[in-house]
Each structure stands twice: as structure tokens, then as C-alpha cells.
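What the coordinates show
Single-letter residue listing:
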Amino acid sequence: MTTSVETLRAVEYRRVSTAGQSGERHSSLEAQEARIRDYCVKRGAVLVASFTDICSGRRDDRAEYQRMVQYATKESVDIIVVQFLDRFGRRPKEILRRIWALEDSHITVEATDEDIKEELMLLIKSGIAGQESRRTSERLRMTMAMATRKGTHFGRPPYGFRQMRRLVGEKVESTWEHDPVEAPVVREMVRLALEGNLGYKRIADRLADLGHRGRHRGPFSAYTIMKILTNAALRGELVFGKQPKKGTPKRELIRVWSLSKKLWFGNCMELWAV
């Protein structure tokens, strides 16, 4: 009686980020090839094809990567072998999606130098943690947005104001008032801009001549003057959501006219009468 043993069909996938790269995690193309071929011998697999990319693993449109996936699916390959999972790709969502899709076609991805199941679990946990972090951030943003609509002030007050806290029942309310040291400087900035028709640089030079300094005791720059005079708070307006983090979608700004007219720095100079 003859017993036949089915031989595993394998393809190798190698990748480096740049041409001439010699050792990202000691993973030059030659090193990857040697490790993969040794692995196939020990695994009892026959290597039927090889695919190599020289580009970032964050790109899902890698030419050889796409060819490898198509070949493995059409040619009834059993395993795809890489040295490390990060050679397969860098984007967790794409890695998980692709590996699960390959498993549906009875193709497994195996790594020669690490436990790929453990690495996949780390990716899943990382994704769950990231999702929960985004949800927490969104809940926090909604809470802050609601508070802003009610006139609550967040963050450090802009130049010209100081923060005051007071206990209202069981809650601490935060409000702004004119800073006795900074407010006169802002009045002078507004006067120089409106009455003197000076630009930011000339205003900064004039303030330096008068001996005025910023919060960090250094002289005002034209950029600092611009930021102060264009701040919405100077005309009694609170704005929330103006500076979203890089990579996050732009959101509708929340604008609230909440500051007392006595606190305005706007174009109405009479409001700045001492």
C-alpha cells in the first residue's frame, strides 16, 4: 500500500523600502531570501514563485505585492513566506484584511523569524485600543463643544486676558477677565493698528521701544502681534475646533458670542476706555 504525501506549494515575498538598503532589521533582500529558502526546506515546501518589492510597506499598491496575491490565489498556493510580518506590509488594517482574505482561499502567511499569530494578535489589540481612543476623544470633544456653547472657557487665555475660576454650587466655572498688565498692551496694539495704520512688524518695533514684553519676557514679534490681534476672543467670540490634529477630518467650528462687551478688544475703541 502506497501513502502519498502532498507537498506544500509556497511563494516567497521579499521587500525593502529603498534601493541599496542593506539592513533594516538585518533584512536585506539576500538575507530574506536565505531565511525563506531555509524555512521552506525545513517545512517540506516547494518554492514555486518569488516576488520582490523595493518600496514602502505602507503602500498597498505595491506592484509585486499585488502580483503575489493574485498568483497565490489563482495557482492554488498553500503558503506565503516572509521573514518578518512587517515585510508583508506596514498598515495594520491592510495586513489583517489581506491575511483574512487569503485564509478564506486556504492560503496562510508564515514568517520565518517570528510568531506570526502573536504579531497578528498585537495588531488586533492595537486596533481595538486605537478605536477606543478615538471614541474617547470624540466623546471628550462633544462634551467640550457643549460646554463651549454654554460659554465655558477652555485652555490658556489669550494675551490680554487672565483666567478666573469660581465655585458655582458643586461645579467650578472658568471665565476670563482683562489682565491688568497685558490688557493695556493690547489696547496699544489696537490703537497703533487702527489710528496709526501700522503693520505687525512696526507695531512690534514700537512696543519694544516702549519697553513692553510678551508673556515670556521677550520682545514681541510680528507673528505674535498678528496672532494676538486676529484672535476671535478679542471681539468677544469663543471658537472651538479651530485646530484639528493632523490626519483628522476638519470639523465645523463652534462659535459663541459669550464675552461681555466690557471685555471686547475689537474695533470699538470706546470699549477699551480705561
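Thresholds applied
- Residues numbered from 1 in each chain as written.
- Predicted model: local features only at pLDDT ≥ 70, side-chain atom pairs only at ≥ 80, totals over all residues.
- Heavy atoms only, no water.
- Helix = DSSP H or I, 4+ residues; strand = E, 2+ residues; numbered from the N terminus.
- Buried < 20%, exposed > 50% of the residue type's maximum accessible area, 1.4 Å probe, protein only.
- Contact = heavy atoms within 4.5 Å.
- Areas by Shrake-Rupley, 256 points an atom, 1.4 Å probe, with all protein chains shown as cover.
- Axes fitted to C-alpha atoms, helices over the stretch in contact; angles between N-to-C directions.
- Parallel < 35°, antiparallel > 145°, perpendicular 65-115°, else oblique.
- Nonpolar A, V, L, I, M, F, W, Y, C, P; charged D, E, K, R; others polar.
- Arc of directions from axis to C-beta.
- Core = buried A, V, L, I, M, F, W, Y, C linked by side-chain atoms within 4.5 Å.
- Polar contact = N/O pair within 3.5 Å; in protein donor to acceptor, adjacent residues only side chain to side chain.

Let's talk about the overall build of the protein chain
- Check the secondary structure of the protein chain and you find eight helices and eight strands.
- Split into buried and exposed, the 274 residues of the protein chain put 36% on the buried side.
- Residue pairs in contact within the protein chain that sit at least 24 positions apart in sequence constitute 61% of those at least 6 positions apart.
- Carbon and sulfur atoms make up 52% of the accessible area of the protein chain, which totals about 17400 Å².

Observations regarding unusual backbone geometry
- With phi around 65°, H106 is a residue other than glycine that occupies positive phi space.
- Topologically, H106 is positioned in the loop between α4 (92-104) and β4 (108-111).
- Judged by its relative accessible area of 67%, H106 falls in the exposed class.
- Within the chain, N197 stands out as a residue other than glycine whose phi angle is a positive 55°.
- Looking at the element boundaries, N197 is found in the loop between α6 (183-194) and α7 (200-209).

Considering the packing of α6 against helix α8 (residues 222-229)
- Where α6 meets α8, the closest approach of the two axes is 11 Å, and the angle between their N-to-C directions is 95°. By the angle between their directions, the pair α6 and α8 is classed as roughly perpendicular. Across the interface between the two elements, V186, M189, V190 and A193 of α6 pack against I225, I228 and L229 of α8.
- Residues belonging to the contact of α6 with α8 are distributed by class as follows: seven nonpolar, no polar and no charged.

Brief notes about α7
- Buried within α7 we find I203, A204 and L207. Seen from one end, α7 has its buried residues packed into an arc of 100°, which puts them on one side. Those residues of α7 that are exposed and angled more than 90 degrees off the buried face are K201, R202 and D209.
- Where the residues of α7 are buried, they touch α6 and α8.
- Where α7 terminates, the next one or two residues include G211, which has phi positive at roughly 85°.

A look at the side chain of R15
- Here R15 shows up in strand β1 (residues 8-16).
- Setting aside residues no more than four positions away along its own chain, R15 makes contact with L29, Q32, D53, C55, S56, G57, R62, D86, R87 and R90.

Considerations on the nonpolar core
- The biggest cluster of nonpolar side chains holds 22 residues, and the ones touching the most others in it are M68, I80 and F88.
- Among the elements of the structure, β1, β2 (45-54), α2 (63-74), β3 (79-82), α3 (85-88), α4, β4 and α5 (116-149) are those that each provide at least two residues to this core.
- Ignoring any residue separated from it by four or fewer positions in sequence, one finds I80 in contact with V11, Y13, M68, A72, F88, L102, I107, T108, V109 and E110.
- Listed in part, the 17 residues of the second largest apolar core include V190, L198, F220 and L234.

Some thoughts on the environment of T112
- Note that T112 resides in the loop between β4 and α5.
- Residue classification places T112 among the buried positions, given a relative accessible area of 14%.
- Measuring from C-alpha to C-alpha, the distance between T112 and D38 comes to 8.8 Å, with 74 residues separating the pair along the chain.
- Sequence-distant contacts of T112, defined by excluding residues within four places in its chain, comprise R35, I36, Y39, V81, V82 and Q83.

Notes on the environment of R15
- We classify R15 as buried; its relative accessible area is 0%.
- In this structure the C-alpha to C-alpha distance between R15 and S56, which are 41 residues apart in sequence, comes to 8.4 Å.
- At 3.1 Å, the side chain of R15 and the backbone oxygen of C55 are in polar contact.

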